[in-house]
Each structure stands twice: as structure tokens, then as C-alpha cells.
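Fold and geometry: a report
Here are the chains, one letter per residue:
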Amino acid sequence: HFLNSNMKTIAVLPCGLNNIFPSEHKELFKQILKNGGTVISEYESETKAEYQKFLERNRIVAGLSIATLVIEAAYRSGTTVTARIAKEAERDVFCIPGSLDNIKSLGTNILIQKGYKMAISPKYHARQFHRFFKQQGQKPAQAGVPRSV
């Protein structure tokens, strides 16, 4: 996350705002708000996090994002679900290929095999986002894209 940068953080919770999960993230929750970020939940304040709610939360994350970068994903993980939702919403999905020996790379590598885009390099993708925001009539820095790329 970008708490120590000029970029704003948007956190989407799989629980209610009064029931932060895991509880160790309560300070992170406060820090996001203190730095001008946003915390979103579609659940009532006291709702507890449950497995299905993480999957429901992922559709919001995918919808808020102009692109999704998959760094690691186990086979049939929440990350692969988010990637699928993002692709169905016609968002770009980039995957970083991983070692064939790493169980957490299996989902990522399968996504690439299925035709999801392979991530090239940080500079390449940063340039793509700069072009995207310029086409939208925004300066990349206003849209939260770091300048140092």
C-alpha cells in the first residue's frame, strides 16, 4: 500500500466498519483515514468477515481498479476470482509469471496460459498508465500515478 506516499489508499473491507479484520489492521484503518484515504464496506457496521464476503469484496476492488496486477495466486484462489471479475468488467489484468516449483504461482501461471496479459516491467506499465490518464484528460500525478517512473 502507499501510506507513505502522496497517493491515496482505498481499502475495501469484507466486514463492517466496526469489526475490522484482522484486528491487527485497526491501526492501518486509522492511518488510511488520517492520510485522506477512504475505507469502504457494503456491510452493516458489526458484520463479521466470512469467506464469502472476501469474494464479494473482490468484485468491488476489481470495479474500482483500472487494471489488476496479479503477483501471486494459488490455484482457485480469491486472487484468481478477482482477476476473472476484472477481465469480465473489461479491465486489463496483468500477471507476473512465477516459478513452476511455487504453489503460489500456479494460479498466476494458469491465468497467463488462459490468455491474461503477462506483466512486462514496472516502467513499461507505468508508461501505459500515463498514456491512459492523458487520454482521459487528467495529469497522471492527479490520478495518483507516481512521477518517478
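Relevant structure appears above.
The structure displayed is predicted, hence computed values, not measured ones.

As a further point, take the pattern of salt bridges. For the structure shown, the criterion picks out five salt bridges. Between Glu 42 and Arg 59 there is a salt bridge; the shortest N-O distance is 2.9 Å. Placement of Glu 42 in the loop between β2 (38-40) and α2 (51-64) and of Arg 59 in helix α2 is noted, with a sequence separation of 17 residues between them. Using a relative accessible area of 40% as the deciding quantity, one classes Arg 59 as partly exposed. Between Asp 92 and Lys 117 there is a salt bridge; the shortest N-O distance is 2.6 Å. Of the two residues, Asp 92 is situated in strand β4 (residues 92-95) and Lys 117 in strand β5 (residues 117-118); the sequence distance between them amounts to 25 residues.

So, about the layout of surface pockets. In this structure, the second largest pocket encloses a volume near 280 Å³. Around the second largest pocket, the lining is made up of 13 residues, and of these Arg 76, Ser 77, Thr 80, Val 81 and Lys 114 lie nearest the centre. Elements supplying a minimum of two residues to the lining of the second largest pocket: α2, α3 (78-88) and α4 (106-113). Split by residue class, the lining of the second largest pocket holds seven nonpolar, three polar and three charged.

Criteria and thresholds
Residues numbered from 1 in each chain as written. Predicted model: local features only at pLDDT ≥ 70, side-chain atom pairs only at ≥ 80, totals over all residues. Heavy atoms only, no water. Salt bridge = Lys/Arg side-chain N within 4 Å of Asp/Glu carboxyl O. Helix = DSSP H or I, 4+ residues; strand = E, 2+ residues; numbered from the N terminus. Buried < 20%, exposed > 50% of the residue type's maximum accessible area, 1.4 Å probe, protein only. 1 Å grid on protein atoms, 1.4 Å probe; cavity = no way out; pocket = protein on both sides within 12 Å on 5 of 7 lines; lining within 4 Å. Points joined across faces, edges and corners; volume = space filled by probe spheres on them. Nonpolar A, V, L, I, M, F, W, Y, C, P; charged D, E, K, R; others polar.

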